[in-house]
Amino acid sequence: MNDIDTKNSIIRLFNVSKRYKGKFALENISLDIEQGEFIFISGPSGAGKSTLLKVLYLAEKVSEGQILIDGMNLARISSARLPFLRRRFGMVFQDFKLIPTRTVFENVALVLEAAGEKPSFIRKKVMQVLRTTGMEKKAKYYPPTLSGGEQQRVAVARAVVGDPSIILADEPTGSLDTKSAQAILDFLMEYNKRGATVLVASHNLHLLESSVRGRNIEIKNGRIERTAKML
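Below you will find a few notes about this structure. Here the residue numbering is sequential within each chain, running from 1 through the sequence in written order. Local features in this predicted model are restricted to residues whose pLDDT is 70 or higher, and side-chain atom pairs enter the listing and the counts only when it is 80 or higher, whereas totals over whole chains, interfaces and linings include all residues. Computation of side-chain values covers all heavy atoms of the structure but excludes hydrogens and water.

Before going further, it helps to spend a moment on the nonpolar core. As used here, the term nonpolar core means buried Ala, Val, Leu, Ile, Met, Phe, Trp, Tyr and Cys residues forming a set that is joined through side-chain atoms within 4.5 Å. Residue burial is assigned from relative accessible area. The probe radius is 1.4 Å, only protein chains are included, and a residue is buried under 20% of its type maximum, exposed over 50%, and partly exposed in between. One finds Val 126, Leu 130, Ile 167 and Leu 188 to be the most contacted residues of the largest nonpolar core, which totals 41 residues. Going through the elements one at a time, strand E3 (38–42), helix H3 (104–114), helix H4 (119–132), helix H5 (148–160), strand E7 (166–170), helix H6 (178–193) and strand E8 (197–201) are the ones with two or more residues in this core. Looking at this core, the element that brings in the most residues is H6, giving eight residues. Between two residues, a contact is recorded if the distance between any of their heavy atoms is within 4.5 Å. If sequence neighbours within four positions are ignored, Ile 167 has contacts with Gly 90, Val 92, Val 160, Leu 188, Tyr 191, Ala 196, Thr 197, Val 198 and Leu 199. Counting residues in each nonpolar core, the second largest holds 29 residues, with Val 16, Leu 31, Leu 85 and Phe 89 among its members. The numbering of helices and of strands both runs from the N terminus, where a helix is a DSSP run of H or I of at least 4 residues and a strand a run of E of at least 2.

This paragraph deals with the sheet that holds E7. We treat two strands as partners when DSSP finds at least two bridges between them. Strand order in the open sheet formed by six strands is E6-E7-E8-E3-E9-E10, with mixed pairing between adjacent strands. Both edges of this open sheet fall to strand E6 (89–92) and strand E10 (223–230), since each of them pairs with a single strand only. The average undirected angle you get between the axes of adjacent strands in this sheet is 15°. Looking at chain direction, E6 and E7 are connected through four bridges and run parallel. Opposite Phe 89, over in E7, you have Ile 166 as the bridge partner. Every axis in this analysis is a line fitted to C-alpha atoms, fitted for helices over the stretch in contact. Angles between the N-to-C directions lie between 0 and 180 degrees. Packing of H5 onto the sheet brings it into contact with E6 and E7, and relative to E6 it is tilted by some 170°. Sitting on the sheet, H6 touches E3, E7 and E8, and the angle it makes with E3 is about 140°.

Among the secondary structure elements, His 206 is positioned in helix H7 (residues 205–209). Residues His 206 and Leu 146, 60 residues apart in the sequence, show an inter-C-alpha distance of 27 Å.

Stacked, tilted and edge-to-face pairs are distinguished by plane angle, under 30 degrees for stacked and over 60 for edge-to-face with tilted covering the rest, among Phe, Tyr and Trp rings (Trp via its six-membered ring) whose centres lie within 6.5 Å. A full pass over the atoms with the stated rule returns one aromatic pair. Arranged with centres 6.0 Å apart and planes meeting at 85°, the rings of Tyr 57 and Phe 89 form a pair that is edge-to-face. On the criterion of sequence distance, the pair formed by Tyr 57 in helix H1 (residues 49–57) and Phe 89 in strand E6 is long-range, its members being 32 residues apart. On the basis of relative accessibility, which here comes to 22%, the residue Tyr 57 falls in the partly exposed class. Overall, the relative accessible area of 7% leaves Phe 89 in the buried class. The residue whose ring lies beneath Lys 97 is Phe 93, and the NZ or CZ to ring-centre distance is 5.4 Å. The cationic tip of Arg 194 hangs over the ring face of Tyr 191; the distance from NZ or CZ to the ring centre is 4.6 Å. Only when the NZ atom of a Lys or the CZ atom of an Arg is both within 6 Å of the ring centre and within 35 degrees of the ring normal do we say a charge sits over the ring.

Right, here's the structure in full:
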């Protein structure tokens, strides 16, 4: 464990391991993450960074160990409750995962539509988030017409539009130029300031160390090598 006060922990991992075909992608991970923290998960390609985010989001099940999200044991979550749990998360993917045949507005609105929100609320909230991410003027554009940086801004907008308490970002700046990468990081930091717990998995340690206050958790070969405060 670490020095975070577990009374305020929103995420807790106890001896978590994940194996694929007998090989460990994660091995004996124990970790506490406090509500409102900014966590940077660093490490080389194949270290287990993406796998860690996947088991938190329940895109993958752990092989051993337990994960608690705000006191809820993920191993005991029923399939009926799973969609409600996932609404607490906002996920930013490295490859954007935008629907090419839907406009920017429609891609972001899907989150609120799935939650059963009213059309009037959806329009107001989506446009508000697009303004925040600088994509308001391209609400009617389709993803294939946008640059990589613009598509990632839309992906961030989609991740935060439902006001999640936890934002997970998997290599969100990996394919972007320095200016676009910094813009994405700034958006994530802004939502962190509003109270969201943010976990960013990336190999770009220099970018994070230069601008983020939080913790760096370094993973190597599926194990936590060290944790350190940034800035």
